[in-house]
Amino acid sequence: MIPVTTFRGRKVALFGLGGSGLATAQALIAGGTDVIAWDDNPDSVAKAAADGVATQDLHDADWSTFAAFVLSPGVPLTHPKPHWTVGLARAAGVEVIGDVELFVRERRAHAPDCPFIAITGTNGKSTTTALIAHILSASGRDTQLGGNIGRAVLTLDPPKAGRYFVVECSSYQIDLAPTIDPTAGILLNVTPDHLDRHGTIQHYADVKERLVAGSDTAVIGVDDSYCELIADRVERAGTRVVRISKRQPLADGFYNDGHRIIEAHGGANAVVADLNGIQTLRGSHNAQNAAAAIAACLAVGVSPDEIRAGLRSFSGLKHRMQPVGRRGEVVFVNDSKATNAEAAAPALSSYDRIYWIAGGLPKEGGIASLAPLFPRIAKAYLIGEAASAFAVTLGEAVPYEISGTLERAVAHAAADAAADGQPVAVMLSPACASFDQYKNFEVRGDAFVRHVAALEGIEMLIDAPEGGN
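The following paragraphs examine the structure supplied in this document.

Thresholds applied
- Residues numbered from 1 in each chain as written.
- Predicted model: local features only at pLDDT ≥ 70, side-chain atom pairs only at ≥ 80, totals over all residues.
- Heavy atoms only, no water.
- Axes fitted to C-alpha atoms, helices over the stretch in contact; angles between N-to-C directions.
- Helix = DSSP H or I, 4+ residues; strand = E, 2+ residues; numbered from the N terminus.
- Parallel < 35°, antiparallel > 145°, perpendicular 65-115°, else oblique.
- Left-handed = near helix turned anticlockwise from the far one by under 90°.
- Contact = heavy atoms within 4.5 Å.
- Nonpolar A, V, L, I, M, F, W, Y, C, P; charged D, E, K, R; others polar.
- 1 Å grid on protein atoms, 1.4 Å probe; cavity = no way out; pocket = protein on both sides within 12 Å on 5 of 7 lines; lining within 4 Å.
- Points joined across faces, edges and corners; volume = space filled by probe spheres on them.
- Phe/Tyr/Trp six-rings, centres within 6.5 Å; stacked < 30°, edge-to-face > 60°.
- Buried < 20%, exposed > 50% of the residue type's maximum accessible area, 1.4 Å probe, protein only.
- Lys NZ or Arg CZ within 6 Å of the ring centre and 35° of its normal.
- Pairing = 2+ DSSP bridges.
- Disulfide = S-S within 2.5 Å.

### A few points about the packing of helix H5 (residues 125-138) against helix H11 (residues 304-312)
Phase 1: The N-to-C vectors of H5 and H11 enclose an angle of 120°; their axes lie 8 Å apart at closest approach. Compared by their axis directions, H5 and H11 come out oblique. Our pair here, H5 against H11, has a crossing hand that is right-handed. Packed against H5, whose contacting residues are Leu 131, His 134 and Ile 135, the element H11 presents Glu 306, Ile 307, Gly 310 and Leu 311 at the interface.
Phase 2: For the contact of H5 with H11, the per-class residue count stands at 4 nonpolar, 2 polar and 1 charged.

### Some words on empty space enclosed by the protein
Phase 1: Taken as a whole and judged by the stated rule, the model has 2 cavities of 30 Å³ or more.
Phase 2: When its volume is computed, the largest cavity comes out at roughly 60 Å³.
Phase 3: Leu 14, Phe 15, Gly 16, Ser 20, Gly 21, Thr 24, Val 70, Leu 71, Ser 72, Pro 73, Gly 98 and Asp 99 are the residues that line the largest cavity.
Phase 4: Secondary-structure elements contributing two or more residues to the lining of the largest cavity are strand S1 (11-15), helix H1 (19-30) and strand S3 (68-71).

### A few points about the packing of aromatic side chains
Phase 1: Under the defined criterion, the tally for this structure stands at 6 aromatic pairs.
Phase 2: Pairing Phe 103 with Phe 116 gives two aromatic rings, centres 5.2 Å apart and planes at 80°, and the pair type is edge-to-face. Taken as a pair, Phe 103 in helix H4 (residues 99-110) and Phe 116 in strand S5 (residues 116-120) lie far apart in primary sequence, 13 residues in all.
Phase 3: With a centroid separation of 6.5 Å and 40° between ring planes, the pair formed by Tyr 355 and Tyr 381 is classed as tilted. Of this pair, Tyr 355 sits in strand S16 (residues 354-359) while Tyr 381 sits in strand S18 (residues 377-383), and the two are 26 residues apart along the sequence.
Phase 4: With relative accessibility at 6%, the residue Tyr 355 sits in the buried group.
Phase 5: Between the NZ or CZ atom of Arg 282 and the centre of the ring of Tyr 351, over which it lies, the distance is 3.9 Å.

### Considerations on the layout of surface pockets
Phase 1: Each pocket or cavity is described by its volume, and for the second largest pocket that value is around 230 Å³.
Phase 2: Surrounding the second largest pocket, 14 residues form its lining, Arg 240, Val 242, Gly 253, Phe 254 and His 265 being those nearest its centre.
Phase 3: For the lining of the second largest pocket, the secondary structure elements donating two or more residues are strand S10 (240-245), strand S11 (253-257), strand S12 (260-265) and helix H10 (284-299).
Phase 4: Among the elements that make up the lining of the second largest pocket, the one with the highest residue count is S10 (4 residues).
Phase 5: Partitioning the lining of the second largest pocket into residue classes produces 7 nonpolar, 2 polar and 5 charged.

### A word on the pairing of strand S13 (residues 268-274)
Phase 1: Inspection of the sheet shows S12 paired to S13 by 6 bridges, in the antiparallel sense. Residue pairing across strands places Ala 264 opposite Asn 269, the latter belonging to S13.
Phase 2: What sits between S12 and S13 in their antiparallel hairpin is a turn of 2 residues, with Gly 266 showing a positive phi close to 60°.

### Topic: the sheet that holds strand S2 (residues 34-38)
Phase 1: Ordered by their spatial adjacency, 4 strands build an open sheet running S2-S1-S3-S4, and the pairing between neighbours is parallel. Single-partner strands in this sheet number two, and they are S2 and strand S4 (96-97).
Phase 2: The pairing of S1 with S2 spans 5 bridges and is parallel. Residue pairing in the sheet places Ala 13 in a bridge with Ile 36 of S2.
Phase 3: Across the sheet, helix H3 (residues 84-91) touches S1, S2, S3 and S4, and the angle it forms with S3 is around 165°.

### Re the state of the cysteines
Phase 1: Taken as a whole and assessed by the stated rule, the structure comprises 0 disulfides.
Phase 2: With no disulfide of its own, Cys 227 lies closest to Cys 169 among cysteine sulfurs, the gap being 15 Å.
Phase 3: Residue classification places Cys 227 among the buried positions, given a relative accessible area of 0%.

### Here's the deal with the sheet that holds S18
Phase 1: The mixed open sheet is built from 7 strands, whose spatial order is S19-S18-S16-S20-S15-S14-S22. Lying at the two open borders of the sheet, with one neighbouring strand each, are strand S19 (400-404) and strand S22 (459-460).

Right, dumping it as structure tokens:
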């Protein structure tokens, strides 16, 4: 835990007592803050009270006594309308912040020079975050990974000299972190997302921009118009900007050239990394992730040799284009995190011939947008509620069977792939939510790994999780 000492002896209101909210309340209390917490869910309030957190309906609180109001990032700050607590805080002139803001204030107060890498973007941020943390830890550095991935940021170990923090930040968290100031801040891309919470894509982009605007070094993907303009603005404001691209050469920055990452500077180009043969970093989207990781790690003092070693040993983000097993020329890939068509596209783009397991609880739009990738699919194995609708979309373009269950799909796909006679992938990339058959995409992905592990003659690349089917 990181005890929050910057509000020691003062009174702070907190709303939202889910996992990260409760952890935030406990971190404030550990640092000597007088916390009054509340939630719209009575069960969450009762749990917090049982854990020693003082609770009170904030409708009835005296807001003039609060030094700050800490809001859970899952609670609306601006759109579709501010939560009622936000209105009360603003009326009383109380600043509204979140757990990431508390972290950055603790870092400034106690270890301002400890390296801090923050990552955001519509797509790719989790893989980039995991990759950076792996490079740092593989090089022997004391590395803390958290934020929007894995552990809540205030449950990490406290900032100290020589400790590296790698923090994934959602737009909601950035919106509640007005003074965020990473050593290296990464903005990968901006595409329409979470507009129900931000109103317009421009506001969404403006929120993302704050992370890199406050950075010592801003690493910005320039393959979309929003980020291209952000890079120009941030640079004009005096911040060091490192541009990255997955699809175009740059005069200065890091870009993808096939499977090589090129550094361009002052008219000279040099290959800094070769991703050929790194199964966990296939595809242009992963080239962007790798370029961002390289730029950020260089900015915090990691050597090129350490970075290349970390890239080669990266095992991938669990459930995201994760090679889990191999049998002869067949690789088995767990992409269970692909819960819609857009999310499935990168994995389908990364292999030339695929035995594709898809389906589950369908999302709006189905898989029609994936039609340009259908020529890569040798056969589809359809499961869950979406099976019939997906079959209609595939039509005569792709051979398919309605397997029904994941276990049957794995068995049939593995048999067909073994008979193919050429390098192929058996891939779970469902383009659907999991909730018709599984609790979440993690449980679905773990089930896929167990079914793969049960195949005869399989060489597992990861350990199969325990549990039933």
